[in-house]
Amino acid sequence: MNRDECLAMILAGGQGSRLGVLTEDVAKPAVPFAGKYRIIDFTLSNCTHSNISTVGVLTQYQPLELNTYIGNGGPWDLDRNRGGVFVLPPYMKTKAGEWYKGTANAIYQNISFIEKFSPKYILVLSGDHIYKMDYRKMIRYHIDTAASATIAVMEVPWEEASRFGIMNTDKDNVITEFYEKPAKPVSNKASMGIYVFTWDILREYLILDEQNKNSSNDFGKDIIPEMLRNNEKMVAYKFNGYWKDVGTIQSLWEANMDIIASPPRFNLYDPDWKIFSRNPIKPPHYIAEGAKILSSCITEGCSIYGYVENSVLSESVYIGKDAVVKDSVIFPNVKINDGAYIEKAIVGSYAVIGKDCVIGKEYSANNPNMSTYCSDGIVVIKGGINIPDKANVYKNSMIRTSMNIGGQWI
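Visitor: Honestly, the overall build of the protein chain in this entry has me stumped. Any pointers?
Guide: Helix and strand content of the protein chain: eight helices and 31 strands. Relative to the 2.2 N^0.38 estimate, which gives 22 Å for 410 residues, the radius of gyration of the protein chain is 22 Å and therefore close to what a compact globule would have. Each principal axis of the C-alpha distribution contributes one length, and for the protein chain these read about 65 × 50 × 45 Å. Within the protein chain, buried positions represent 57% of all 410 residues. Intrachain contacts of the protein chain at a sequence separation of at least 6 include 59% that bridge at least 24 residues. The averaged location of the 45 negative side-chain charges in the protein chain is 2 Å from the averaged location of its 43 positive side-chain charges.

Here is the structure:
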């Protein structure tokens, strides 16, 4: 396949509400991950390795930090004279402008952008998944099967199947049924939200979908079912590697833990498939005499005076003397003061944890900060807030605002 034949469009505008305070001020694809990355780095890096040099990134919700991070695309070798990376927010037209109404509408609004490059095929991706994939193999499969649409699929546990678009296929992997997040799944073959379309066919369906006032303008709910009803040939492309939708607190925490498992369930250190990112230049991390680190990922610029176990620390994190951090994910520039104890938490950027705080150690039936987004004992602390000395934050809490010294939320 010629590199000009396929254009990638990354859907990166979702609010990510299930991540709670972690996405109140930043788009989900810009959320830190694995110490030195952002979530969108994985999709962009896959494009680079797959020799796809024209990439549109469709932004909408809280786009400033994501737009700034992507910049000219240099870290992913996407700063090019022809092609490259393009940030595509909703924009004003002649008479009016409108937000992206759904995944399909987001592509529809950018038809004129796509047609500037005259692609034969279009690759539609999500900006909030952790995985490594050579898209060239999927595109070749799409071409060889003469399909109108190809959907990347993987088998998921039956108890999780209702969270995904679910399909049935025949012996040749031709899709015969498709249901978006069904209450009673017909199979456990789940859509990964990765699509290859023959562009001239998809273009017609996007236009017809936009004219349908009853449509939700979504690929899984509208475009794919309509193509199936019209007997378009759609095939499933089986993927057997690591893939994680990090759209929930639980899945984000689990994906971070997967990189420090022994052996790692997701390998960040494959020299043949490097994950590229835009990182500030920081000094090496500092480990003080008496500090101890076990089974953890420590990024540049960290200063460690306490105890860290089974945790992921982003750049410029400070861990004070006698502080303990276990089973946690710490975002950039967090300060954890002397004697603090943190267990199974995700701590947002620039948060300050006071001396002798206890976070995530105990359950409480009367927890005033209990959140339905937090499960399995995980605590989430919003970036930029202060937790005062000796505060006690219970498991399954989501902390949105700073506390006063008396322990009351303000």
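Visitor: In this structure, what is going on with helix α7 (residues 219–229)? I would like to understand it.
Guide: Every α-helical turn comprises 3.6 residues, leaving residues that sit three or four positions apart pointing alike. For α7, the buried fraction is high: eight of the eleven residues fall into the buried class. Listed as buried for α7 are Phe219, Gly220, Asp222, Ile223, Ile224, Pro225, Met227 and Leu228. Taking the backbone nitrogen of Gly220 as reference, a side-chain oxygen 2.9 Å away marks Asp218 as the first, capping residue of α7. Of the residues trailing α7, Asn231 is marked for its positive phi of about 60°.

Visitor: Where do I start with the nonpolar core in this structure?
Guide: Nonpolar side chains in soluble globular proteins tend to end up buried together. Among the nonpolar cores identified, the biggest contains 72 residues, and Val55, Tyr135 and Ile194 are the most heavily contacted of them. Residue contributions to this core peak at five residues, all from helix α8 (residues 249–258). Here Val55 is in contact with Ala8, Ile10, Leu44, Cys47, Leu78, Gly84, Val85 and Phe86, once residues within four sequence places are set aside. Listed in part, the 34 residues of the second largest apolar core include Ala149, Met167, Leu206 and Leu228.

Visitor: Honestly, the sheet that holds strand β16 (residues 297–298) in this entry has me stumped. Any pointers?
Guide: In any sheet, the strands associate via hydrogen bonds between backbone groups, in a parallel or an antiparallel arrangement. Judged by pairing direction, the sheet is parallel, and its six strands sit side by side in the order β16-β19-β22-β25-β28-β31 without closing on themselves. Looking at which strands have only one partner, the edges of the open sheet turn out to be β16 and β31 (398–399). Sheet analysis places strand β19 (residues 312–313) next to strand β22 (residues 329–330), joined by two bridges and oriented parallel. Bridge pairing in β22 links Val312 to Val329.

Quick notes on the rules
Residues numbered from 1 in each chain as written. Predicted model: local features only at pLDDT ≥ 70, side-chain atom pairs only at ≥ 80, totals over all residues. Heavy atoms only, no water. Helix = DSSP H or I, 4+ residues; strand = E, 2+ residues; numbered from the N terminus. Rg over C-alpha atoms; globule rule 2.2 N^0.38 Å. Buried < 20%, exposed > 50% of the residue type's maximum accessible area, 1.4 Å probe, protein only. Contact = heavy atoms within 4.5 Å. Lys, Arg positive; Asp, Glu negative; His and termini not counted. Charge placed at Lys NZ, Arg CZ, Asp CG, Glu CD. Polar contact = N/O pair within 3.5 Å; in protein donor to acceptor, adjacent residues only side chain to side chain. Core = buried A, V, L, I, M, F, W, Y, C linked by side-chain atoms within 4.5 Å. Pairing = 2+ DSSP bridges.

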